Amino acid sequence: MAKRTRRRKRIVTDDLTLRAFRDRDVDAFVLGLERQSAPVDWFDWFANIDAVGKRDRRLSRKRLFRDLVKAQEGATIYANPGLRFQISSREHPKWMGYVSIYDARWNVHSAAVDYYLLNQYWGQGTAARAVTAALSCCWSDLGLHRVEATVEEINARSVRFTERLGLVYEGTRRHGTHIDRRWRDLRVYSALATDDLVPERHSPQGA
């Protein structure tokens, strides 16, 4: 008996398609990273992957891609695998970034959200539209009630983006993450299914 393949979730808006990464996307993934403009700051961790690779040769761009694909398989939420959605334009289907829905807690119908956008697409509102579409999927298709986002407190650009998107600031998680041998505080934001999130027409730089 042939093994049934579970269909992965896909989100389509007027101008964007969000779908799971596939093995055959590796070349487009690497090309997208190569075409990024110079990194703006150290938060742009994909743009700095080569610098990291000089210290650890295992962290090549293709290795990073394989890690992303592997991670999405473990992000199952309510029988919907592949919840690290790659963002692409419907007009020009190139990889632009991703939105992740992960860390589901079944008893309270909640999960976490994360996103990344290649910096050549900043300032066009792409990330705002993609995150809003992913959140709509959380409410309508996945049955979630709450989605949480955490942002490094010193990352002013991401803080502005999260707040303009309409997520509610709840407090600071002291020493919530450990990066480059330093403890860093995280700002905690949330969105509820009952919230009315309407992103601005033009999102701030970085989104």
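Counting starts from 1 at the beginning of each chain's written sequence and moves along it residue by residue. Two thresholds apply to this predicted model, a pLDDT of at least 70 for residue-level local features and 80 or more for giving and counting side-chain atom pairs, whereas whole-chain, interface and lining totals are computed over all residues. Note that water and hydrogens are dropped before the side-chain values are worked out from all heavy atoms of the structure.

1. Re unusual backbone geometry
So, step 1. Its identity is not glycine, yet D103 carries a phi of approximately 55 degrees, on the positive side.
So, step 2. In this structure, H175 takes a positive phi of about 50 degrees despite not being glycine.
So, step 3. Secondary structure counts use DSSP, requiring at least four H or I residues in a row for a helix and at least two E residues in a row for a strand, with both numbered from the N terminus. Relative to the assigned elements, H175 resides in strand 7 (residues 168–179).
So, step 4. Among the residues examined, H175 registers a relative accessible area of 48% and is labelled partly exposed. Buried, partly exposed and exposed residues are distinguished by accessible area as a fraction of the type maximum, computed with a 1.4 Å probe on protein chains only: under 20%, between the cut-offs, and over 50%, respectively.

2. Some words on the pattern of salt bridges
So, step 1. Put simply, a salt bridge is a Lys or Arg side-chain nitrogen that is within 4 Å of an Asp or Glu carboxyl oxygen. Applying the stated criterion across every chain, the model contains 7 salt bridges.
So, step 2. Between D15 and R129 there is a salt bridge, with the nearest N and O atoms lying 3.0 Å from each other. In this pair, D15 sits in the loop between strand 1 (10–12) and strand 2 (16–20) while R129 sits in helix 4 (residues 126–140), placing the two residues 114 residues apart along the sequence.
So, step 3. Residue classification places D15 among the partly exposed residues on the basis of a relative accessible area of 30%.
So, step 4. For R173, the salt bridge goes to E148, with nearest N and O atoms at 3.0 Å. Here R173, found in strand 7, pairs with E148, found in strand 6 (residues 146–152); they are 25 residues apart in sequence, far enough to count as distant.
So, step 5. Look at R173 and you get partly exposed, because its relative accessible area is 36%.
So, step 6. Among the residues examined, E148 registers a relative accessible area of 21% and is labelled partly exposed.
So, step 7. Each of R146, E148, E170 and R173 takes part in one network of salt bridges that share partners.

3. Observations concerning the confidence of the model for the chain
So, step 1. Scored by pLDDT, the chain has a mean of 79; 75% of the residues are at 70 or more.
So, step 2. The predictor attaches a confidence to each residue, and that confidence, scored 0 to 100, is pLDDT. Whether two residues are in contact is decided by their heavy atoms: any pair within 4.5 Å suffices. Of the regions scoring below 50 in pLDDT, residues 1–6 engages in 3 contacts with residues more than four places distant in sequence or in other chains.
So, step 3. Below pLDDT 50 for its whole length, residues 200–207 participates in 23 contacts with residues either more than four positions away or in separate chains.

4. Comments concerning the state of the cysteines
So, step 1. By disulfide we mean two sulfur atoms from cysteines, separated by a distance within 2.5 Å. This model, assessed by the stated rule, comprises 0 disulfides.
So, step 2. Its sulfur unpaired, C137 is 5.9 Å from the next cysteine sulfur, which belongs to C138.
So, step 3. Classification of C137 as buried rests on a relative accessible area of 5%.
So, step 4. Note on C138: relative accessible area 0%, which makes it buried.

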